[in-house]
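Summary of structural features
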Amino acid sequence: MSINEIPPTPNAATPFTYRLLGLPVLLREATAGGDLTPLGAQLLEYVRNHDDPDALLDLSLVLQLKYQKPAALAVQAQAIQLRRHYRLKQASADPAPLKVLALKAPGDLMANTPFECLLEQADLQIEAFYIDDQPLRPSDLPAHDVILVAACASDQNAEVLVRIATLIADIGPAARVLNRPGCIGRTTRDAAYALLGAEPGICMAHTLRLRREQVLDAVAGGFDLPAALGRDFPFIIRPVGSHAGQGLVKVADAVSLAQYLNESDAAEYYVAPFIDYSDADGLFRKYRIVIIDGKPFVCHMGISSEWMVHYPYAEMIAHPERRQEEADLMATFDTDFAVRHRDALQRIADLTGLDYVGFDCAETSDGRLLIFEIATGMVVHDMDDSATFPYKLPQIQRVFAAFEAMLRRAAGRPA
């Protein structure tokens, strides 16, 4: 179904079967600059007359992509109350398709691995099952060949991951599971530092999780924050649970830290020393890498004049030489970057124990891998303009193929 196939004025008598659009279709439309407002209005009118969980789930995604999170989560909760199981994709060519079951947590777009984008073109049958607080037995799950634990590490998902671990244990040793929940918990910012911060070839900022009262105590001089972190200002601070740079600030001293707290009402924060990773030309280079079944793949490199680098489209578009540098990285990654950091990359794969994990990183002046964040929920997609970034699509397709191959190997059905 395309976004234009919903009847404009549906009602209870409309002879129409709604088919789930899903994340890739809606995200692609939003990324291309399309206005999702008319679709949202059609979906809203449709669900007023139809108890259709598929339509509710799509409406929730539309609302999230339009930054209406409270409404989106309320609509998603309605959908999950009606049905926890959703078929996201039906294989088209394979008469006996590989059945992938993704165990998801209720929540926003950061709550789960966005595997839908990785498998948009794969000829697989993909089921999603939301794990909530309702009783659940292995027999409640749809038929599957392999399970992917999609729920990411977060405070909100802690109980979900416990329930998934119990469910997998109940299934028994026959369960074929990727990204086991006990390993996912190792990717929170403080846990990741404890896991990887002292490893040879890896540099990570010492990250503390602090209650608001503790940070206020540091401002007042009652808690020696530089001593606790092992370095003096500047520090970076962000609310626990924030993503994409929301609430992330570099503070130069206790005065600016106090000002930050005056403008933020979060209950807990991550605080870490700021590590200057600028290169000789004064620019900051940040890489997104995923490790799939032990093998690293580069997904993008953002080059910016600012230290807080989220892929800087404006700067990359304005500077063709930066796009060429990113293209060169993708062309030589396996024989250069991945070789230079082979041991560090292997330690990440081994110590996390995850079949699929992503991380944002840079390189320090002494040649170490500077890791900013490690997570199973990083977005990897093929939706950038191919005219501006012609080198990206072949690389991302390699990532997609590797992800699908991992699922097939885990299910005992390699391509």
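Residues numbered from 1 in each chain as written. Predicted model: local features only at pLDDT ≥ 70, side-chain atom pairs only at ≥ 80, totals over all residues. Heavy atoms only, no water.

1. Some thoughts on the overall build of the chain
Helices and strands together make up the secondary structure of the chain, namely 16 helices and 14 strands. Here the chain has a C-alpha radius of gyration of 22 Å; the compact-globule value for 415 residues is 22 Å, and the two agree. Seen through its principal axes, the chain has C-alpha atoms that stretch 65 × 50 × 50 Å. Residue burial in the chain is summarised as follows: out of 415 residues, 51% are buried. Restricting the contact set of the chain to residue pairs at least 6 apart, pairs at least 24 apart contribute 68%. A total of about 18,700 Å² of accessible surface is found on the chain, and carbon and sulfur atoms cover 52% of it. (Helix = DSSP H or I, 4+ residues; strand = E, 2+ residues; numbered from the N terminus. Rg over C-alpha atoms; globule rule 2.2 N^0.38 Å. Buried < 20%, exposed > 50% of the residue type's maximum accessible area, 1.4 Å probe, protein only. Contact = heavy atoms within 4.5 Å. Areas by Shrake-Rupley, 256 points an atom, 1.4 Å probe, with all protein chains shown as cover.)

2. A look at the sheet that holds strand S1 (residues 85-89)
Within the open sheet, the five strands sit side by side as S1-S3-S2-S4-S5. Their pairing is mixed. The open sheet has two edge strands, S1 and strand S5 (177-178), and neither has a second partner. Here strand S2 (residues 99-104) pairs with strand S3 (residues 125-130) via six bridges, running parallel. The partner of Leu103 across the bridge, within S3, is Phe129. (Pairing = 2+ DSSP bridges.)

3. What about the sheet that holds strand S7 (residues 208-211)?
Pairing is antiparallel in the open sheet, where four strands are placed in the order S7-S10-S8-S9. Whereas interior strands pair on both sides, the edge strands pair on one side only; in this sheet they are S7 and strand S9 (249-251). Averaged over neighbouring strand pairs, the angle between their axes works out to 35° when direction is ignored. As defined by bridge partners, strand S8 (residues 235-239) adjoins S9 across three bridges and the pair is classed as antiparallel. Along S9, the bridge assignment pairs Ile237 with Val249. (Axes fitted to C-alpha atoms, helices over the stretch in contact; angles between N-to-C directions.)

4. With respect to unusual backbone geometry
Among all residues save glycine, negative phi is the norm, and among peptide bonds the norm is trans. Between Phe233 and the following residue, Pro234, the backbone shows a cis peptide bond with an omega angle of 5°. Position of Pro234 among the secondary structure elements: in the loop between helix H10 (225-229) and S8. Of note, the phi angle at Asn179 is positive, near 60°, even though the residue is not glycine. In this structure, Asn179 sits in the loop between S5 and helix H7 (181-184).

5. Concerning the packing of helix H3 (residues 53-65) against helix H4 (residues 69-82)
Closest axis-to-axis distance for the H3/H4 pair is 8 Å, and the angle between their directions is 160°. Looking at the two axes, H3 sits roughly antiparallel to H4. Remark: the crossing between H3 and H4 carries left-handed chirality. Here Pro53, Leu56, Leu57, Leu59, Ser60, Leu63 and Gln64 of H3 lie close against H4, whose contacting residues are Ala71, Ala72, Val75, Gln76, Gln78, Ala79 and Leu82. Among the residues making up the contact of H3 with H4, the classes are represented as ten nonpolar, four polar and no charged. (Parallel < 35°, antiparallel > 145°, perpendicular 65-115°, else oblique. Left-handed = near helix turned anticlockwise from the far one by under 90°. Nonpolar A, V, L, I, M, F, W, Y, C, P; charged D, E, K, R; others polar.)

6. With respect to the packing of aromatic side chains
On inspection of all chains with the given rule, the structure shows 14 aromatic pairs. The interplanar angle of 85° and the centroid separation of 5.0 Å between the aromatic rings of Tyr356 and Phe403 together place this pair among those described as edge-to-face. Of the two residues, Tyr356 is situated in strand S13 (residues 356-363) and Phe403 in helix H16 (residues 392-410); the sequence distance between them amounts to 47 residues. Each member of the pair, Tyr356 as well as Phe403, carries the same accessibility label: buried. (Phe/Tyr/Trp six-rings, centres within 6.5 Å; stacked < 30°, edge-to-face > 60°.)

7. Notes on the pattern of salt bridges
Summed over all chains, the structure comprises 27 salt bridges. We note a salt bridge from Arg288 to Asp360, for which the minimum N-O separation is 2.8 Å. One end of the pair, Arg288, is in strand S11 (residues 284-292); the other, Asp360, is in strand S13, with 72 residues separating them in the sequence. Judged on exposure class, the residue Arg288 and its partner Asp360 are both buried. Of the charged contacts in the structure, one is a salt bridge between Lys392 and Glu326, with a shortest N-O distance of 3.9 Å. Of the two residues, Lys392 is situated in helix H16 and Glu326 in helix H13 (residues 320-332); the sequence distance between them amounts to 66 residues. Of the two residues examined, Lys392 and Glu326, each falls in the buried class. (Salt bridge = Lys/Arg side-chain N within 4 Å of Asp/Glu carboxyl O.)

8. Digging into the packing of helix H2 (residues 37-49) against H3
Their axes nearest at 10 Å, the elements H2 and H3 cross at an angle of 150°. H3 is crossed by H2, and the crossing has left-handed handedness. Residues Leu39, Gly40, Leu43, Leu44, Tyr46 and Val47 of H2 form the contact with H3, whose own contacting residues are Ala55, Leu56, Asp58, Leu59 and Val62. In terms of residue class, the contact of H2 with H3 is made up of nine nonpolar, one polar and one charged.

9. Observations concerning the state of the cysteines
For the structure on display, the rule yields zero disulfides. With no disulfide partner, Cys117 has as its closest neighbouring cysteine sulfur the one in Cys299, 12 Å distant. Between Cys203, a free cysteine, and Cys361, which holds the nearest cysteine sulfur, the sulfur-to-sulfur gap is 11 Å. (Disulfide = S-S within 2.5 Å.)

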